[in-house]
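# Notes for the structure review
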Amino acid sequence: DTEVTQTPKHLVMGMTNKKSLKCEQHMGHRAMYWYKQKAKKPPELMFVYSYEKLSINESVPSRFSPECPNSSLLNLHLHALQPEDSALYLCASSRYIQGINEKLFFGSGTQLSVL
Amino acid sequence: TQLLEQSPQFLSIQEGENLTVYCNSSSVFSSLQWYRQEPGEGPVLLVTVVTGGEVKKLKRLTFQFGDARKDSSLHITAAQPGDTGLYLCAGLLNTGNQFYFGTGTSLTVIP
C-alpha cells in the first residue's frame, strides 16, 4: 500500500464554520506534512510532524490547527477561515523527516472553498 | 523570494516536440527532486538526483543536476499529451531538513 488517502476530496465552508481535513497512510512512515497549494503554483509547506510530534510550523495562522493522533493519521482542523484560504490542501508522508534520500508521497488533496 | 526559480513558467507545445525545463538557484543543494502533478491530484515523484553533474533518464525524460549542485534541468523528448501537467523541482539544502519547491512549470502538450 503506497497510498496517502485524504478526505474529503472537496469541501465548501462558510467563514464561521468548523471543519476538519483527514489524512491517512499505512506505509509505516514517521513523517507527515500539510501543504497548501494555489492553482498552478508550488505547494507551500504548512506543518511537519515527525514521530507524531510537531516539528515545523511555517508561521501558519492559528485558524489552522494540526493534529497527529497516531503515526498513521494526520488531521487539519479549520476554524474561522477567510476566503483567501481557499486552496488545495495536500497531505504528504515520508519514511522519516525530509532527508537526502527521502521521498514525499502525496495524497490527492482536499479542494477547499471558503465562502 | 523563492529559493528555486523555474523557467519557463508556462509552456504549450505540439505533440512530438522536445522541451527543456530549468530549475535554478544561487544556493547549493544536497539533493534535488522532480515531481509531476496532474490536475486534481497530488505531485508524484519522478526522480531524485544527488551528485553534481549526475544525469538520469526515465524513458523520454532526462534529468540533469548541475556540477555545482545549484541548478537542474528536465528534458522531454517527443512530448505526448500524457506529459501534460505541472512540473515541480524541489531541493534539499545542505543545512536544511526540508525540501523547498520551485516556482513550477505548467506544461500543455497539444495532440
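What you see is a predicted model, and the numbers here were worked out from it, not measured in a lab.

Let us now look at the side chain of A:Q37. Residue placement: A:Q37 occurs in strand β4 (residues 31–37). Here the side chain of A:Q37 touches A:K41 through a polar contact of 2.8 Å, landing on its backbone oxygen. Leaving out residues up to four positions away in the same chain, A:Q37 has contacts with A:P42, A:P43, A:A87, A:L88, A:L90, B:Q37 and B:L86.

Now for the pairing of strand β4 (residues 29–37) of chain B. Residues and elements named next belong to chain B. Across the nine residues that make up β4, a large majority, eight, are buried. Across eight bridges, β4 lies against strand β9 (residues 85–93) in antiparallel orientation. By the bridge assignment for β9, F29 is matched with L93. Sheet topology note: the β4/strand β5 (residues 44–49) ladder contains five bridges and is antiparallel. When the sheet's bridge partners are listed, Q33 is paired in β5 with T48.

A few words now on the interface of chain A and chain B. With 23 residues of chain A at the contact, the number on the chain B side is 25 residues. When chain A packs against chain B, the two sides together hide about 1800 Å² of surface, and 56% of this comes from carbon and sulfur. When the area that chain A buries against chain B is broken down by residue, the three leading residues are A:K40, A:Q98 and A:I100, summing to 30%. The interface formed by chain A and chain B contains zero salt bridges. The tally of links between chain A and chain B comes to six residue pairs in polar contact (both at pLDDT 80 or more). Residue assignment for the side of chain A that touches chain B shows that the elements contributing at least two residues are β4 and β9 (87–94) of chain A. Class assignment of the residues belonging to the side of chain A that touches chain B gives a composition of 11 nonpolar, six polar and six charged.

Time to look at the sheet that holds strand β1 (residues 5–7) of chain B. Residues and elements named next belong to chain B. The antiparallel open sheet is built from five strands, whose spatial order is β1-β3-β8-β7-β6. On the outer flanks of this sheet lie β1 and β6 (55–58), each paired with one strand and no other. Taken over all neighbouring pairs, the strand axes of this sheet differ in orientation by 15° on average, direction set aside. Sheet topology note: the β6/strand β7 (residues 61–65) ladder contains four bridges and is antiparallel. When the sheet's bridge partners are listed, V55 is paired in β7 with Q64.

The subject of this paragraph is the sheet that holds strand β1 (residues 4–7) of chain A. Adjacent strands of a sheet form backbone hydrogen bonds with each other and so pair up, either parallel or antiparallel. Residues and elements named next belong to chain A. Pairing in this open sheet of four strands is antiparallel, and the strands run β1-β3-β8-β7 from one edge to the other. Every other strand in the sheet has two partners, leaving β1 and β7 (64–70) as the edge strands with one partner each. In this sheet, neighbouring strand axes are inclined to one another by 20° on average, regardless of whether the strands run parallel or antiparallel.

Right, let's get into the nonpolar core. Residue and element names in this part refer to chain B. Judged by nonpolar contacts, the single largest core of 23 residues is most densely connected at L19, L32, W34, L74, I76 and L107. Counting residues per element, the ones that place at least two in this core are β2 (10–14), β3 (19–24), β4, β5, β7, β8 (71–76), β9 and β11 (105–110). Leaving out residues up to four positions away in the same chain, L74 has contacts with L19, T20, V21, W34, L61, T62, F63 and Y87.

As for its position among the elements, B:S27 is in the loop between β3 and β4. Using a relative accessible area of 19% as the deciding quantity, one classes B:S27 as buried.

Rules used in this analysis
- For every chain, the first residue of the written sequence is number 1, and numbering continues from 1 along that sequence.
- The lettering of chains begins at A and the numbering of ligands begins at 1, in the order of writing.
- A pLDDT threshold of at least 70 governs which residues receive local features in this predicted model, and a stricter bar of 80 or more applies before side-chain atom pairs are shown or counted, although totals over entire chains, interfaces and linings include all residues.
- Water and hydrogen atoms play no part in the side-chain values, which are based on all heavy atoms of the structure.
- Secondary structure follows DSSP: runs of H or I at least 4 residues long count as helices, runs of E at least 2 residues long count as strands, and numbering of each begins at the N terminus.
- Two N or O atoms form a polar contact when they lie within 3.5 Å of each other; inside protein one atom must be a possible hydrogen donor and the other a possible acceptor, and for residues adjacent in sequence the pair counts only when both atoms belong to side chains.
- Note on definitions: a residue-residue contact is assigned when non-hydrogen atoms from the two residues lie within 4.5 Å.
- Only protein chains enter the accessibility calculation, which uses a 1.4 Å probe. A residue is then buried if its area is under 20% of the maximum for its type, exposed if over 50%, and partly exposed in between.
- In this scheme, strands are said to pair when DSSP sees at least two bridges between them.
- In this description, buried area is defined as the sum, over both parts, of the accessible area (probe of 1.4 Å) that is lost when the two are combined.
- Each salt bridge in this description consists of a side-chain nitrogen of Lys or Arg and a carboxyl oxygen of Asp or Glu lying within 4 Å of one another.
- Under the convention adopted here, Pro, Cys and the residues Ala, Val, Leu, Ile, Met, Phe, Trp and Tyr are nonpolar, Asp, Glu, Lys and Arg are charged, and Gly plus all remaining residues are polar.
- Between N-to-C directions, angles span 0 to 180 degrees; the directions come from axes that are lines fitted to C-alpha atoms, helices contributing only their stretch in contact.
- Put simply, buried Ala, Val, Leu, Ile, Met, Phe, Trp, Tyr and Cys residues joined by side-chain atoms within 4.5 Å make one nonpolar core.

Just distances and angles here, no functional claims.
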